[in-house]
Amino acid sequence: LYIELYSYTEEPEFALNRDYFEEDFRSHARDRRWIELTVEEQRSYVMRLLDALEVTDRDKRLKVARAILYLAQGVFDDCDTEVDVLHWSRHNVFLLYDMGIFTALLELLSMEIDNNQACSSAVRKPAISLADSTELRVLLSIMYLIVETIRVQTEDDRPEWRASREVFKNELGSPLYNGEPFALLLFTMVTKFCSMNAPHFPMKKVLLLLWKTILFTVGGFQELQEMKVRGRERLNLPPLPEDSIKVVRAMRAASPPASAMELIEQQQQQKRGRRSRRPLVKQDSLDTYNERDPFKNDDARDEEEDPEDTDSGIEGEVDPLDRDVIIQPPPPPPPLRPPTERVNFPKGLPWAPKVREKDIEHFLETSRNKFIGFTLGNDTDTLVGLPRPIHESVKTLKQVSGEITASYRNMAGEEEVAETPTEMLYLGMLPNLSQYVIALLKLLLAAAPTSKAKTDSINILADVLPEEMPITVLQSMKLGIDVNRHKEIIVKAISALLLLLLKHFKLNHIYQFEIVSQHLVFANCIPLILKFFNQNIMSYISAKNSICVLDFPHCVVHEMPELTAESLEAGDSNQFCWRNLFSCINLLRILNKLTKWKHSRTMMLVVFKSAPILKRALKVKQAMMQLYVLKLLKIQTKYLGRQWRKSNMKTMSAIYQKVRHRLNDDWAYGNDIDARPWDFQAEECALRESIEKFNSRRYDRNKNGDFVPVDNCLQSVLGQRVELPEDFHYSYEMWLEREVFSQPIQWEGLLQNP
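Here the structure is a predicted model, which means the values were calculated and not measured.

## Brief notes about the overall build of the protein
The number of helices and strands found in the protein is 33 helices and zero strands. The buried share of the protein, reckoned over its 754 residues, is 48%. Total accessible area on the protein is roughly 39,600 Å²; 52% of this is exposed by carbon and sulfur atoms.

Right, here's the structure in full:
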């Protein structure tokens, strides 16, 4: 919950929070500890802190806020173990929420956002440090701890805690805070920071809180899967053929058998400490041991392949990434997986094949032109005149068709819109959606490891750089690790946030998904993600930008060992950085969602030469990451030419084994490519027109009376019933004489130019 919230440069502030709390707490309960008080006594003290938050003195408010933060952090000075800290943190957070602390903090946060004096002072400063965002960091830290602690459910939660969770969830997703959901306030902070108007905003904390808030209000991927199931039941659709989360978790990383030449080379590489294998080895054994990059030979004829990136995969005896694929970084896996935990994957392909309604229409159109000589448009039921095998083919296609075909009424007022958290979030984001997307991509670009520092780029290190720059080698190494870790966390938060928005908007309404996708595409999200992966991805996945002894709550419970340059350089004991793996998978999934079924965007992948970049990402032996890389390669294989397919047969084989099949999809052959011209502008303009019609129909009706269409038909206008006052007919002739006959009308004025 807490490890990534704090920077290592914030470590001295833990003791500061404790000191301010104890200074005030001694005057309230002498010679007693917080954990010794009754619940009523604790509530009484929190009420006292709540009253103190309303003082006008800024420094006093900050001291009180630090005392509250110490409570939310788990009164670690009274605890002996990390488990005790987490226990009291959870207890205190629910207590703080029940006493109304979150609402009070929200008012203070709004004041800090609107503090023009602080903003103008930060703009004029040549260098911004941690001290410029002290108040904001304290407030955001408390709010993050409240949101994340209440969001996470545990088995031993009390009934009143579960009730508080539902109430808080509804509050965050409803327009209760200044007429808009809480997430919109955080989006405003992001755009204000990226416009250079508030360079002191602590962006890492803002993005983490924004991500967790949306995750809490709309739900994670498991809740999304459950909503899909309920939605299909409501529409009387057949159930999903499989649970995609379970399928991917059971999938293993691709590891084709080694060739004879590879076996000879492996025997010559004894210096790597790996044992040689016999030529005939079961596929299971090849999946267990990560001894060589299975896709390396495919790169022999790729001219774009970088020489330094042609190394083999991560070295090691066992591949921990071959274990369960889960969304949150799990604890470090054991060195060997017990045989009882091995997943027995069913024989055959992992995914059930699918067919779109459009594919059935295209198949019937081709068949009718061939056998009958004319077509019937979108009619997929009439099979008169077609041979019997065509009947069987259509029957098979319809059996595997899993698409939802829904017709949306274009008449205003006939569409009922449920006020779900996702719907209210979209409605709040819609007016400034483009600004939000551009701001997030600016931050992603600034945090990407491949980005070079520019003078005009935004400074995302305002909440990590100390007031006094390091003067020793050890301090410089520590700050360097902290800066890299800071950037990795920002990438993680943004990638998770964008993926969450795309998935929920797509389930809520396809056009909500399309407008966010189009804003991302127009803001150059596709080349940005490709630029992110155009690095030594193995080094990024195995980066060790963390100092375990400085992580919270370890650093406040245990005695701090002496840090040395050697210990910092060695890093932690984890072989992989789960944070960076999580970010890479999210970015690949975003790229998949942007390009799926979009011919012009797929051609962008080809134009930007993404194939060698993506193939280097296949060296990471992790099933989920490989799956989404293979999906991106599959949609462009037909455009890469026969020679590419011929020299990358192992990749083609992996695509066949891992990626879902679409019947009638000629991805491996590339037929009729010239019949589909690449007109990016026309496709996107047509999509934008449909999106604008959707937004106008669903959200603009009865809101802008000035833009209501004018009825120019004389008969229609004269035929309308007009409500008149009861006494109007008594004064009608007088009104006619005064307003019509007595007024001189200059008809020639109509002929003159205005």
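## Some words on the confidence of the model for the protein
Averaged over all residues, the pLDDT of the protein is 81; the fraction at 70 or higher stands at 81%. Segment residues 256-260 is flagged for pLDDT under 50; beyond a separation of four residues in sequence, or across chains, it makes 11 contacts in the model. This stretch, residues 299-346, has a pLDDT under 50; its non-local contacts, to residues over four places away or in other chains, come to 89 contacts.

## With respect to the packing of aromatic side chains
Taken as a whole, this structure holds 25 aromatic pairs when the rule is applied. Aromatic side chains Phe76 and Phe552 sit 6.1 Å apart centroid to centroid with 80° between the ring planes, which places their arrangement in the edge-to-face category. Taken as a pair, Phe76 in the loop between α3 (58-72) and α4 (82-98) and Phe552 in the loop between α22 (537-541) and α23 (554-557) lie far apart in primary sequence, 476 residues in all. The two residues Phe76 and Phe552 agree in class, both being buried.

## Notes on the nonpolar core
The biggest cluster of nonpolar side chains holds 180 residues, and the ones touching the most others in it are Trp34, Phe182 and Phe533. The element contributing the most residues to this core is helix α19 (residues 473-508), with 15 residues. Setting aside anything within four residues of it in sequence, one finds Phe182 in contact with Phe102, Leu106, Leu109, Met143, Leu172, Tyr177, Leu209 and Thr213. If you look at the next biggest cluster of nonpolar residues, it comprises nine residues, including Leu364, Leu386, Val394 and Leu397.

## A look at unusual backbone geometry
Comment: phi is negative for the bulk of residues other than glycine, and the bulk of peptide bonds are trans. Here Phe552 and Pro553 are connected by a cis peptide whose omega angle stands at 5°. One can find Pro553 in the loop between α22 and α23. You will see that Asn236, though not glycine, has its phi angle at about 60°, which is positive. Summarising the element assignment, Asn236 is placed in the loop between α11 (221-234) and α12 (244-250).

## Quick word on the packing of helix α9 (residues 182-194) against helix α10 (residues 203-218)
At a minimum axis distance of 10 Å, the contact between α9 and α10 shows a crossing angle of 150°. It follows from the interaxial angle that α9 and α10 lie roughly antiparallel. Here α9 runs over α10; the crossing is left-handed. Every residue of α10 that contacts α9 at Phe182, Ala183, Leu186, Phe187, Met189, Val190 and Phe193 is listed here: Met203, Val206, Leu207, Leu209, Leu210, Thr213 and Ile214.

## Thoughts on a nonpolar patch on the surface
Judged by side-chain polarity, Phe371, Ile372, Phe374 and Leu376 come together as a nonpolar surface patch covering roughly 350 Å² of accessible area. The residue Phe371 is located in helix α15 (residues 357-371) in this model. Under the relative-accessibility criterion, Phe371 is labelled partly exposed at 42%.

## Quick word on the side chain of Glu514
Locating Glu514 in the fold gives a position in helix α20 (residues 510-522). Among the residues examined, Glu514 registers a relative accessible area of 8% and is labelled buried. Other than its neighbours up to four places away in sequence, Glu514 contacts Lys598, Leu687 and Ile691.

## A few points about the pattern of salt bridges
According to the stated counting rule, one finds 30 salt bridges in the structure shown. Here Glu4 and Arg579 are joined by a salt bridge, their closest N and O atoms 3.1 Å apart. Highlighted residues: Glu4 in the segment before α1 (11-28) and Arg579 in helix α25 (residues 578-595), separated in sequence by 575 residues. For Glu392, the salt bridge identified is with Arg388, shortest N-O distance 3.5 Å.

## What about the environment of Phe201?
Within the element layout of this structure, Phe201 appears in the loop between α9 and α10. Separated by 69 residues in sequence, Phe201 and Asp132 place their C-alpha atoms 8.4 Å apart.

## Describing the environment of Ala183
Secondary-structure assignment places Ala183 in helix α9. Taking the C-alpha atoms as reference, Ala183 lies 5.9 Å from Leu210; in sequence the two are 27 residues apart.

## Some details on the side chain of Lys658
Tracing the backbone shows Lys658 in helix α30 (residues 649-658). On the basis of relative accessible area, Lys658 is assigned to the buried category, the value being 15%. Lys658 has contacts with Met251, Arg252, Ala254, Pro350, Trp351, Leu627 and Leu630, leaving out every residue within four places of it along the chain.

## Focus on the packing of helix α18 (residues 433-447) against α19
Running from N to C, α18 and α19 cross one another at 145°; their axes reach a closest spacing of 9 Å. By crossing handedness, the relation of α18 to α19 is classed as left-handed. Taking contact as the criterion, the partners of Leu440, Leu441, Leu443, Leu444, Ala446 and Ala447 in α18 are, on α19, Lys487, Ile490, Val491, Ile494, Leu497 and Leu498. Grouping the constituent residues of the contact of α18 with α19 by class yields 11 nonpolar, no polar and one charged.

About the cut-offs
- Residues numbered from 1 in each chain as written.
- Predicted model: local features only at pLDDT ≥ 70, side-chain atom pairs only at ≥ 80, totals over all residues.
- Heavy atoms only, no water.
- Helix = DSSP H or I, 4+ residues; strand = E, 2+ residues; numbered from the N terminus.
- Buried < 20%, exposed > 50% of the residue type's maximum accessible area, 1.4 Å probe, protein only.
- Areas by Shrake-Rupley, 256 points an atom, 1.4 Å probe, with all protein chains shown as cover.
- pLDDT = per-residue confidence, 0-100.
- Contact = heavy atoms within 4.5 Å.
- Phe/Tyr/Trp six-rings, centres within 6.5 Å; stacked < 30°, edge-to-face > 60°.
- Core = buried A, V, L, I, M, F, W, Y, C linked by side-chain atoms within 4.5 Å.
- Axes fitted to C-alpha atoms, helices over the stretch in contact; angles between N-to-C directions.
- Parallel < 35°, antiparallel > 145°, perpendicular 65-115°, else oblique.
- Left-handed = near helix turned anticlockwise from the far one by under 90°.
- Patch = residues over 30% accessible without salt bridge, like charges linked within 9 Å, V, L, I, M, F, W, Y side chains within 5 Å.
- Salt bridge = Lys/Arg side-chain N within 4 Å of Asp/Glu carboxyl O.
- Nonpolar A, V, L, I, M, F, W, Y, C, P; charged D, E, K, R; others polar.

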